[in-house]
Amino acid sequence: MKKILVAGAGLAGCTAARLLAEQGHQLTIYEAREHIGGNIYDEKQPSGITRQVYGPHIFHTRQQEIWQFVTRFTKMRPFQHRVLSYTQGQLYPFPINRDTICQLYGISLANDEVPAFLEKEVKKAQFDLPAKNFRDAIVSQVGEYLYHCFFENYTAKQWQRDPSELSAEVAGRIPVRANRDDRYFTDRYQGIPLPGYTAMCEKMLDHPQIEVCCKRPYKKGDEQDFDLLIYTGRLDDFFDRDEGELSYRSVHFDFQTLDEKEYQPAAVVNYPNDYDFTRITEFKHMTGEHSSQTEICLEYPSAEGVPCYVVLNRENLALRERYQAKAKALEHAEKVIFLGRLAEYKYYNMDQVIARAMEVCAQI
Ligand code: UDP
């Protein structure tokens with residue numbers, strides 16, 4: 001039985017703490033914020049609708065084991081996420097599918113005609129293969145016009161960088177479909193925790209061997225009283241940024257309660273080319289909550305604020321490698337484990353965080 005300190009009560013910390021407590025270890029969690037859940041924290045508003053305080057989170061996974069794990073702690077509301085994108089004065093299904101193409105070009109295509117259509121668009125375009133950056137990864141699939149309508153400006157807004165500076169890995173998150181499937185994700189298991197993500201995390205932490213201290217930021221040396229530290233904060237912070245600063249992107253969330261039943265026809269509408277915000281989320285579509293009012297959230301990407309995203313460009317990837325070498329040495333000494341989006345500097349989805357936590361906890 002080990003005494004283990006977990007720095008951070010986000011999804012990585014909650015999952016690791018629970019798994020390790022169930023292995024018989026004694027867990028203490030230090031969380032800097034006044035709430036648990038990290039960026040999946042949500043709270044119900046007087047309108048009766050739950051806001052996801054750090055932006056929209058849709059749980060999706062292909063892995064039954066991960067679905068079984070989360071559904072131990074929450075009932076899930078089945079939810080298939082559908083996103084619309086506002087471009088050229090109209091709403092289009094996004095990611096790009098057959099209907100997006102037909103609507104944008106004013107043509108009609110069968111599924112099996114879509115690849116040839118895209119091939120013609122791609123032939124007209126300039127790009128390098130194999131694609132080494134976001135722009136080329138998209139343009140090599142759909143050509144320059146679709147790239148311009150849906151990706152170019154959204155990506156520049158979101159990352160405050162030219163899309164050709166970003167890793168092709170970011171483009172890999174967004175599929176292109178020849179059929180009419182307009183779901184954002186096609187994973188077998190998808191849903192939103194019925195009582196919310198915060199309630200799910202509370203249940204995970206509800207274990208006699210887990211103690212949670214909120215408003216208690218982890219400080220260097222706290223681990224001295226413990227056998228092991230699981231660190232889920234910023235990777236560069238752990239090393240006092242001595243190799244240089246990794247970029248993490250944040251978002252300014254503009255929440256609004258509106259006296260109308262429905263604001264928009266989908267949970268999320270993206271605005272690639274208009275306005276300074278990237279997207280608007282209307283939460284009631286996701287949560288299924290009923291109210292005469294509605295809760296929306298506009299997202300303004302920002303360099304300042306709570307870290308939400310890692311920035312996968314050449315500079316940060318090189319820096320990550322240097323920090324990871326240091327992290328590996330500490331992990332090798334079995335003193336610290338680096339876990340989660342911030343600490344591993346990876347653009348993880350929620351299920352990937354849980355998968356990683358399962359993997360590292362199985363090794364302890
Ligand atoms: N993206 C885009 N246009 C869109 C949606 C996404 O160009 O309408 C790009 C953008 O660079 C974004 C990335 O694809 O950051 C990943 O999108 P995803 O929806 O996975 O972002 P998240 O939900 O993680 O913010």
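Scroll up to find the structure.
Scoring rules and cut-offs
- Residues numbered from 1 in each chain as written.
- Predicted model: local features only at pLDDT ≥ 70, side-chain atom pairs only at ≥ 80, totals over all residues.
- Heavy atoms only, no water.
- Phe/Tyr/Trp six-rings, centres within 6.5 Å; stacked < 30°, edge-to-face > 60°.
- Helix = DSSP H or I, 4+ residues; strand = E, 2+ residues; numbered from the N terminus.
- Buried < 20%, exposed > 50% of the residue type's maximum accessible area, 1.4 Å probe, protein only.
- Lys NZ or Arg CZ within 6 Å of the ring centre and 35° of its normal.
- Pairing = 2+ DSSP bridges.
- Axes fitted to C-alpha atoms, helices over the stretch in contact; angles between N-to-C directions.
- Near = heavy atom within 4 Å.
- Polar contact = N/O pair within 3.5 Å; in protein donor to acceptor, adjacent residues only side chain to side chain.
- Areas by Shrake-Rupley, 256 points an atom, 1.4 Å probe, with all protein chains shown as cover.
- Nonpolar A, V, L, I, M, F, W, Y, C, P; charged D, E, K, R; others polar.
- Core = buried A, V, L, I, M, F, W, Y, C linked by side-chain atoms within 4.5 Å.
- Contact = heavy atoms within 4.5 Å.

**Q** How would you explain the packing of aromatic side chains if you had to name every residue and give the values?
**A** For any pair of aromatic rings, geometry is given as the distance between the ring centres together with the angle between the planes. Tallying each qualifying case throughout the model produces 31 aromatic pairs. On the numbers, 5.5 Å between centres and 75° between planes, the contact of Trp159 with Tyr309 is edge-to-face. Here Trp159, found in helix H5 (residues 134–159), pairs with Tyr309, found in strand S16 (residues 309–310); they are 150 residues apart in sequence, far enough to count as distant. Side by side, Trp159 and Tyr309 carry an identical accessibility label, which is buried. Between Tyr218 and Tyr231 the ring centres are 5.7 Å apart and the planes differ by 65°, which places this aromatic pair in the edge-to-face class. Linking Tyr218 in the loop between strand S10 (210–213) and strand S11 (228–231) with Tyr231 in strand S11, this pair joins segments that are 13 residues apart in sequence. Take Tyr218 and Tyr231: they sit in the same class, and that class is buried. For the cation-ring pair, Arg33 lies above Tyr54, with the distance from its terminal atom to the ring centre recorded as 4.7 Å. Above the face of the Phe238 ring, Lys220 is positioned so that its terminal group lies 4.5 Å from the ring centre.

**Q** If you had to explain the sheet that holds strand S6 (residues 76–78) to someone new, which residues and values would you point to?
**A** Spatial strand order, S5-S9-S6: 3 strands in an open sheet with antiparallel pairing. Looking at strand neighbours, the two that pair on one side only are strand S5 (59–61) and S6, the edges of this open sheet. Taken pair by pair, the neighbouring strands of this sheet meet at an average axis angle of 40°, ignoring direction.

**Q** Can you tell me about the site of the ligand, naming the residues and giving the values?
**A** Around the ligand, the surrounding shell holds 16 residues, and the nearest of these are Thr155, Arg173, Tyr184, Tyr309 and Tyr347. Residue Tyr184 places a side-chain N or O atom 2.5 Å away from an oxygen atom belonging to the ligand. Protein chains shield 94% of the accessible area of the ligand, which is 530 Å² for the free molecule. Classifying every residue of the shell around the ligand gives 11 nonpolar, 3 polar and 2 charged.

**Q** Break down the sheet that holds strand S15 (residues 294–302) for me, with residues and values.
**A** A sheet is described by the order of its strands in space; here 7 strands give the open sequence S8-S7-S13-S14-S15-S12-S16, paired in mixed fashion. On the outer flanks of this sheet lie strand S8 (90–94) and S16, each paired with one strand and no other. Inspection of the sheet shows strand S12 (residues 248–258) paired to S16 by 2 bridges, in the antiparallel sense. Each bridged residue has a counterpart across the sheet, and for Arg249 the counterpart in S16 is Tyr309.

**Q** Break down the nonpolar core for me, citing the residues and quoting the values.
**A** Judged by nonpolar contacts, the single largest core of 110 residues is most densely connected at Phe59, Phe150, Phe151, Tyr231, Leu235 and Phe338. With 11 residues, H5 is the largest single contributor of residues to this core. Among residues more than four places away in sequence, those in contact with Phe338 are Tyr231, Leu235, Phe238, Phe239, Ala327, Leu330, Glu331, Ala343, Glu344 and Arg356.

**Q** Explain helix H3 (residues 98–105) to me, and be specific about the residues and the numbers.
**A** An α-helical turn contains 3.6 residues, so any two residues separated by three or four positions project in the same direction. When we look at burial in H3, the residues that qualify are Thr100, Ile101, Cys102 and Leu104. Buried residues belonging to H3 abut S8, helix H4 (114–123) and H5. Where H3 begins, the capping side chain belongs to Asn97, and its oxygen is found 2.9 Å from the backbone nitrogen of Asp99. Taken from the residues just after H3, Gly106 is the one with a positive phi, measuring 60°.

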